[in-house]
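Each chain, written out:
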Amino acid sequence: MAFFDLVDFDNHEQVVFCSDKESGLKAIIAVHSTKLGPAVGGCRMWDYASDEEALVDVLRLSKGMTYKNAMAGLEMGGGKSVIIGNAKTDKNETLFKAFGNALNGLSGRYYSAEDVNITTKDIAIANTVTDYVTGTEGKSGNPAPFTALGTFLGIKAAVKHKLGRDDLAGLKVSIQGLGSVGYFLCEHLHKAGAKLVVTDLNQEALDKVAAEFDAQVVGLNEIYDQDVDIYAPCALGATINDSTIDRIKASIVAGCANNQLAEPKHDLALKSRGILYAPDYVINAGGIINVSFENDYCADKATNKVEEIYQTLLNVFEQADQQDRPTGEVADDMARAIIAAGGKDKL
Ligand code: NAD
């Protein structure tokens, strides 16, 4: 495998393969950049079909964290980790202690936190052997409600820009994925008067959201064909791809999932179809913003900073219009300019 030539390698500073025979740990830690500070980004546990798939996933997610943290104005670099395994059957205490020991090996160049299939309980176990975790219970805790708040405000910014409206009353939103973030996003949207169309692999999650928020449930594959105003991808990445893009009827794509575009060309493809795309790492930064307050935690301060996502997205949309370019490309340029300047406040 031509590792350094992978598109997603993108000059990563460090990629560490970790294993521990006793616990069965197989993990990859990717540190994309420490230019703005220690790399911070969550850990995902997933039963990857191959080690290559895990590697590409962690590299893409890690680069995304560099851009996300820069755009959010945080003094943090970008990194991510993945544990290869089945979260339902392979989790145990020794696994997360072994993961904590692996984090110690990076001596603070990377701090881990929760992501898909990793809970505050798992992070607490790692925390018994390492200080290099964040998003811990009793401090900033579960980032998901803050990610949901930021995503909700990002949807409002997209609606303001595209539809010229300040409210969401009566707008139809399709939400794919009702997990830690998706559930809270549905709560915000329902309270704001939006009509929800939802899907998930998990029947329990579907029943709960249908009952609590009067949501219409559709099949996993039907979600792309819905006659809605906004499509919110909140499950895994790459759901905007060659086979789904022509089916999307929404005029806005805005959700919390990381790496929503299967390939960079889908950024332009959305623009060409008149669909406003809220770049994923900008709209879903609420959780990492909350985590950045870990060491002197104050929920109000974190909430105020999460609220900045609304204006950051409006800036991206306006610049994209002025330059007649896709929003994802414009956000990437803005993030790179922040990194080159050494921080958002130094621009
Ligand atoms: P989660 O694991 O709690 O929830 C994901 C949900 O998606 C689950 O309910 C799962 O059943 C469902 N799902 C998986 N595949 C699906 C499919 N094909 N169709 C429909 N539903 C499917 O994860 P989460 O923490 O809510 O994160 C969701 C997304 O947001 C991920 O892409 C994650 O990387 C991203 N994200 C999360 C946070 C956070 O604070 N948790 C922060 C930033 C970005």
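Residues numbered from 1 in each chain as written. Predicted model: local features only at pLDDT ≥ 70, side-chain atom pairs only at ≥ 80, totals over all residues. Heavy atoms only, no water.

Chemist: Summarise the UniProt feature "binding site: NAD(+)" (unreviewed entry) in the protein; cite the residues concerned and give the values.
Modeler: UniProt records the feature "binding site: NAD(+)" (unreviewed entry) at Gly177, Leu178, Gly179, Ser180, Val181 and Gly182, using the numbering of this structure. Of note, serine 180 is situated in helix H5 (residues 180-191). In this fold, valine 181 is placed in helix H5. What makes valine 181 buried here is its relative accessible area of 16%. If we ignore the near neighbours within four places in the chain, the residues touching valine 181 are Ala144, Thr147, Ala148 and Cys256. (UniProt positions renumbered as here; feature names shortened; annotations may be inferred. Helix = DSSP H or I, 4+ residues; strand = E, 2+ residues; numbered from the N terminus. Buried < 20%, exposed > 50% of the residue type's maximum accessible area, 1.4 Å probe, protein only. Contact = heavy atoms within 4.5 Å.)

Chemist: Provide a residue-level description of the site of the ligand, including the pertinent values.
Modeler: Near the ligand there are 22 residues, and of these Arg44, Thr147, Asp200, Ala235 and Asn258 occur at the shortest range. Contact distances for the ligand include 3.1 Å between an oxygen atom and a side-chain N or O atom of aspartate 115. In the model, an oxygen atom of the ligand is placed 2.6 Å from a nitrogen or oxygen of the aspartate 200 side chain. Look at the ligand: alone it shows 830 Å² of surface, and the protein chains cover 84% of it. Within the residue set of the shell around the ligand, elements represented by two or more residues are helix H4 (144-163) and H5. For the shell around the ligand, the per-class residue count stands at 11 nonpolar, seven polar and four charged. Both domains that furnish three or more residues to the shell around the ligand are identified here as domain 1 (3-58 + 77-127) and domain 2 (144-341). (Near = heavy atom within 4 Å. Polar contact = N/O pair within 3.5 Å; in protein donor to acceptor, adjacent residues only side chain to side chain. Areas by Shrake-Rupley, 256 points an atom, 1.4 Å probe, with all protein chains shown as cover. Nonpolar A, V, L, I, M, F, W, Y, C, P; charged D, E, K, R; others polar. Domains from an automatic or database assignment.)

Chemist: Can you tell me about helix H7 (residues 265-272), naming the residues and giving the values?
Modeler: Of the residues making up H7, those classed as buried are His266, Asp267, Ala269 and Leu270. What you see down the axis of H7 is that its buried residues fit within an arc of 165°, all on one side. Considering only its buried residues, H7 is in contact with strand S11 (252-253), strand S12 (276-277) and helix H12 (327-341). Of the residues flanking the end of H7, it is glycine 274, one or two places downstream, whose phi is positive at about 75°. (Arc of directions from axis to C-beta.)

Chemist: Describe the layout of surface pockets, with residues and values.
Modeler: There is about 610 Å³ of room inside the second largest pocket. What lines the second largest pocket is a set of 26 residues, and nearest its centre among them are Arg60, Lys63, Asn259, Pro264 and Asp332. Counting residues per element, the ones that place at least two in the lining of the second largest pocket are helix H1 (51-71), helix H8 (280-283) and H12. Sort the elements by how many residues they give to the lining of the second largest pocket and H1 lands first, with seven residues. Taken together, the residues that form the lining of the second largest pocket break down as 11 nonpolar, five polar and 10 charged. (1 Å grid on protein atoms, 1.4 Å probe; cavity = no way out; pocket = protein on both sides within 12 Å on 5 of 7 lines; lining within 4 Å. Points joined across faces, edges and corners; volume = space filled by probe spheres on them.)

Chemist: Account for the pattern of salt bridges, naming residues and giving values.
Modeler: In the structure shown here, the tally under the stated rule is 20 salt bridges. Salt bridges sharing partners connect three or more residues here, namely Arg44, Asp57, Lys80 and Asp115. (Salt bridge = Lys/Arg side-chain N within 4 Å of Asp/Glu carboxyl O.)

Chemist: I'd like a rundown of the sheet that holds S12, residues and numbers included.
Modeler: Two strands in a sheet stick together by hydrogen bonds in their backbones, pointing the same way (parallel) or opposite ways (antiparallel). Reading across the sheet, the six strands line up as S9-S8-S7-S10-S11-S12 and stay open at both edges, with parallel pairing between neighbours. With partners counted over all chains shown, the strands left at the sheet margins are strand S9 (216-217) and S12, one partner each. In terms of strand pairing, strand S10 (residues 230-233) meets S11 through two bridges, oriented parallel. Across the sheet, the residue bridging to isoleucine 230 is isoleucine 252, located in S11. Strands strand S8 (195-199) and S9 of the sheet are contacted by helix H6 (residues 203-213), whose axis makes an angle of about 170° with S8. (Pairing = 2+ DSSP bridges. Axes fitted to C-alpha atoms, helices over the stretch in contact; angles between N-to-C directions.)

Chemist: Which residues make up empty space enclosed by the protein, and what values do they have?
Modeler: For the structure shown, the criterion picks out two cavities of 30 Å³ or more. In this structure, the largest cavity spans a volume of roughly 80 Å³. Every residue along the wall of the largest cavity is listed here: Lys68, Met71, Ala72, Tyr281, Val282, Ala285, Ile289, Lys305, Glu308, Ile309, Thr312 and Lys344. Listed by contribution, the elements that provide at least two residues to the lining of the largest cavity are H1, H8 and helix H11 (308-323). For the lining of the largest cavity, the element with the highest residue contribution is H11, accounting for three residues. Here the lining of the largest cavity is built from residues that sort into seven nonpolar, one polar and four charged. As a volume, the second largest cavity reaches approximately 30 Å³. Lining the second largest cavity we find Ser174, Ile223, Tyr224, Gln226, Val228, Tyr231, Ile248, Lys249 and Ala250. When grouped by side-chain class, the residues that make up the lining of the second largest cavity number six nonpolar, two polar and one charged.

Chemist: Got a sec to walk through the domain arrangement of the protein? Specific residues and values, please.
Modeler: Once the domains are mapped, the protein shows domain 1 (3-58 + 77-127) and domain 2 (144-341). The straight-line distance from the C-alpha centre of domain 1 to that of domain 2 is 25 Å. With eight residues of domain 1 at the contact, the number on the domain 2 side is seven residues. Regarding the contact of domain 1 and domain 2, the summed buried area is about 620 Å², with carbon and sulfur atoms giving 65% of it. (Buried area = accessible area lost by both parts, 1.4 Å probe.)

Chemist: Before we move on, can you summarise H11 with the specific residues and values?
Modeler: Between its first and last C-alpha, H11 extends 23 Å over 16 residues, near the 22 Å set by a 1.5 Å rise per residue. When H11 is considered as a whole, its buried residues turn out to be Ile309, Thr312, Leu313, Leu314, Val316, Phe317 and Ala320. Residue aspartate 324 follows H11 closely and has a positive phi angle near 50°. (Expected span 1.5 Å × (residues − 1).)

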